[in-house]
Structures are given as C-alpha cells and as structure tokens.
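Inside the fold
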Amino acid sequence: MDQVRDHEKDLIQYTLKMEDQYNIENLVSYGPRDSDERGGVYSFNMGEIPPMDMGGRLMDNGVVIGSSVHPHDVSSSLDVSDVAVRSGHHCAMPLNHRLGVVATSRASYYVYNTRKDVEKLFEQLERIRKVYGNGR
Amino acid sequence: MEDEERMEFIMEHYRHPHNSGVIDNPTHEITEYNPVCGDAVKVSILIRENKVQDIRFVGRGCSISQAAASILTDEVKGKNMEELKKITEKDHLDSIGIRLGPSREKCALLSFNALKKILVKYGGE
C-alpha cells in the first residue's frame, strides 16, 4: 500500500506542476498544495460559477457564460477525448456551497494512471478553454 | 460530423442566447431547478388572446441546459396554446438534435419542464 500512496503522491505533485506550467486562464483547483496533506484526487473548476441561492432566485439576471465553463461541460468535453473525470457535488453539496461553487470536476488517480494521463488532462483542458472561450 | 455541426449550433445558442431576460409583467413565471447538478432556469411568459406574445428566460447551468432554453423559447414564441400543448419531450429533444446521455437529457429538459408546468397553471385558470 505504501507504493500505491507514493504513486498517488507522485501524480498529484506532477499535476500541480503541470497546473503551474500550463497556467490555464481561470483554472481554479482546491485543496492543499502539499502532497503529504492530500490524497490522489484533483478537484478543479474552469472559472467558478456560484450556486443558485436556496430561495430559488437567480442572483443575476442572465445566462452565465464568458470565461467560466460548467463542470458538466468540462467532463463531457474531456470524455470525448478519452479522459474520464467526475463532475458534480461528489456527494458533498454543503462543501460545494461553502466553496461558493455550483459544482466541481474531479480527476481521481489510482495505480493504473500515469504521468501521461496527467499531461493529457492539461492538454485537453487547454483545448476546452479555447472552445468555450470562442477560439480566444 | 453531423454531431459536430450540431454541437456548434448548441454552442452558438449558449454563447448568444435568444430571448434572454425577464418580462416585466408576465402572466406566468416559473423557476425550474435541478438539485443534482445545480442547473436552473427561470421562464417568464406573456400569454394573451390564447397566444404566446412573449417568452424570456434567465438561467444558470451547463451549455446544454441554457442552449435548450434558448431553442425552446424561439420555438414557442407566437404559438397558440393548442400548438403549445402538442409539443412533446421528443419534439424538444429532436430540435436540440444531438445524442444526449440520460443525465444530460435532464439538462435539456429543464426548460421544457418549466413550460409544461406553466401550461398546467394556465389550464387551471
């Protein structure tokens, strides 16, 4: 199990390195930067979309677009490129609301994942940013 | 390829939604919310002389949910109530035109469900 843990830590460290390297516009990730203090999951958003308030009213008066990409669009677009991530509340709706976001996307690494997979994730996130940013 | 073209059509509606906003004095207004994904649309409608004079929406959510609302509002504007009642779930999904999985279908149907609830309200008056 120590080897599994080491592998997860390596992938997370590599992910945070890739994140700095790619520096994708509006990409936000959650959790500590120290791989000793976290597990093998990487939760993130392409721009943060606030949740609707519980009174059932929309806090703004229009469709939210611009630089934010909804986590479900992120995961669908990654899926098309054979990158499988989960998106949504991850059975932790109160935490999402505490973070002030409608949902997050999450890559969950395990023994079968490699650094190549991490690279592919960021290549595809950069592609998605372009698609939703209207080719910008 | 056809799917790709259709996806561009969806993205166009998402980036530049038709009929976005609220009507000042709507005859009906409904907010439909999906607690699982957090997507929401608020549809306001003005029905006069048995006809949809105006329909607008505001919302928050993924491209599919918001584009679907844009497409639906385009479609129902100017229609009379009999025509409106005839629009089925399948008609709406066909007008979106891309294959959606079961969870994304719910996104697409958010605005459709709002419209159906408005029809129930209208029928009850």
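Before reading on, note that the structure itself is shown above.
It should be emphasised that the depicted structure is a prediction, and the values quoted were computed from it without experimental measurement.

This part covers the overall build of chain A. Looking only at helices and strands, chain A has 4 helices and 4 strands in total. In chain A, the succession of helices and strands from N to C terminus is α-β-β-α-β-α-β-α. A burial count over chain A gives 48% of its 136 residues as buried. Long-range contacts, defined here as pairs at least 24 residues apart, represent 63% of the contacts in chain A between residues at least 6 apart. Summed over all atoms, the accessible surface of chain A reaches about 7200 Å², with 49% contributed by carbon and sulfur.

Residues and elements named next belong to chain B. Its location among the elements puts serine 44 in strand β2 (residues 40-48). For serine 44, the side chain forms a polar contact with the main-chain nitrogen of isoleucine 23, separated by 3.1 Å. Those residues in contact with serine 44, other than ones at most four positions away along the chain, are Val22, Ile23, Pro26, His28, Glu29, Asp54, Ile55 and Arg56.

All names here are of chain B. Relative to the helices and strands, glutamate 32 resides in strand β1 (residues 28-33). With relative accessibility at 11%, the residue glutamate 32 sits in the buried group. For the pair glutamate 32 and alanine 114, spaced 82 residues apart in the sequence, the C-alpha separation amounts to 5.7 Å. Contacts of glutamate 32, omitting those with residues within four sequence positions, involve Asp39, Ala40, Val41, Leu110, Asn113, Ala114 and Lys117. Side chain to side chain, glutamate 32 and lysine 117 meet in a polar contact 2.9 Å long.

Before going further, it helps to spend a moment on the packing of aromatic side chains. Residues and elements named next belong to chain A. With the rule as written, the count across this model stands at 5 aromatic pairs over all chains. Taking the centre distance of 5.3 Å and the plane angle of 25° together, the rings of tyrosine 42 and phenylalanine 44 count as stacked. Given the relative accessible area of 0%, tyrosine 42 is considered buried. Taking relative accessible area as the criterion, phenylalanine 44 reaches 0% and is therefore assigned buried.

Residues and elements named next belong to chain B. Direction vectors running N to C along helix α4 (residues 89-96) and helix α5 (residues 102-123) enclose 115°, while the axes themselves pass 10 Å from each other. Relative to α5, the crossing made by α4 is right-handed. When α4 is examined against α5, the residues Glu89, His92, Leu93 and Ile96 are found in contact with a partner set consisting of Glu105, Ala108, Leu109, Ser111 and Phe112. Here the residues of the contact of α4 with α5 sort into 5 nonpolar, 2 polar and 2 charged.

Moving on to the sheet that holds β2(B). Residue and element names in this part refer to chain B. Spatially, 3 strands are ordered β1-β2-β3 in an open sheet, and the strand pairing comes out antiparallel. The sheet is open, and its two edges are formed by β1 and β3 (51-60), each paired on a single side. Averaged over all adjacent pairs, the angle separating strand axes in this sheet is 15°, with direction ignored. Relative to β2, β1 runs antiparallel, the two sharing 6 bridges. Its bridge partner lying in β2, glutamate 32 is registered against valine 41. Against the sheet, helix α2 (residues 63-76) touches β2 and β3, its axis set at about 175° to β3. Running over the sheet, α5 touches β1, β2 and β3 and is turned about 140° from β1.

Parameters at a glance
- Residues numbered from 1 in each chain as written.
- Chains lettered and ligands numbered in written order.
- Predicted model: local features only at pLDDT ≥ 70, side-chain atom pairs only at ≥ 80, totals over all residues.
- Heavy atoms only, no water.
- Helix = DSSP H or I, 4+ residues; strand = E, 2+ residues; numbered from the N terminus.
- Buried < 20%, exposed > 50% of the residue type's maximum accessible area, 1.4 Å probe, protein only.
- Contact = heavy atoms within 4.5 Å.
- Areas by Shrake-Rupley, 256 points an atom, 1.4 Å probe, with all protein chains shown as cover.
- Polar contact = N/O pair within 3.5 Å; in protein donor to acceptor, adjacent residues only side chain to side chain.
- Phe/Tyr/Trp six-rings, centres within 6.5 Å; stacked < 30°, edge-to-face > 60°.
- Axes fitted to C-alpha atoms, helices over the stretch in contact; angles between N-to-C directions.
- Left-handed = near helix turned anticlockwise from the far one by under 90°.
- Nonpolar A, V, L, I, M, F, W, Y, C, P; charged D, E, K, R; others polar.
- Pairing = 2+ DSSP bridges.

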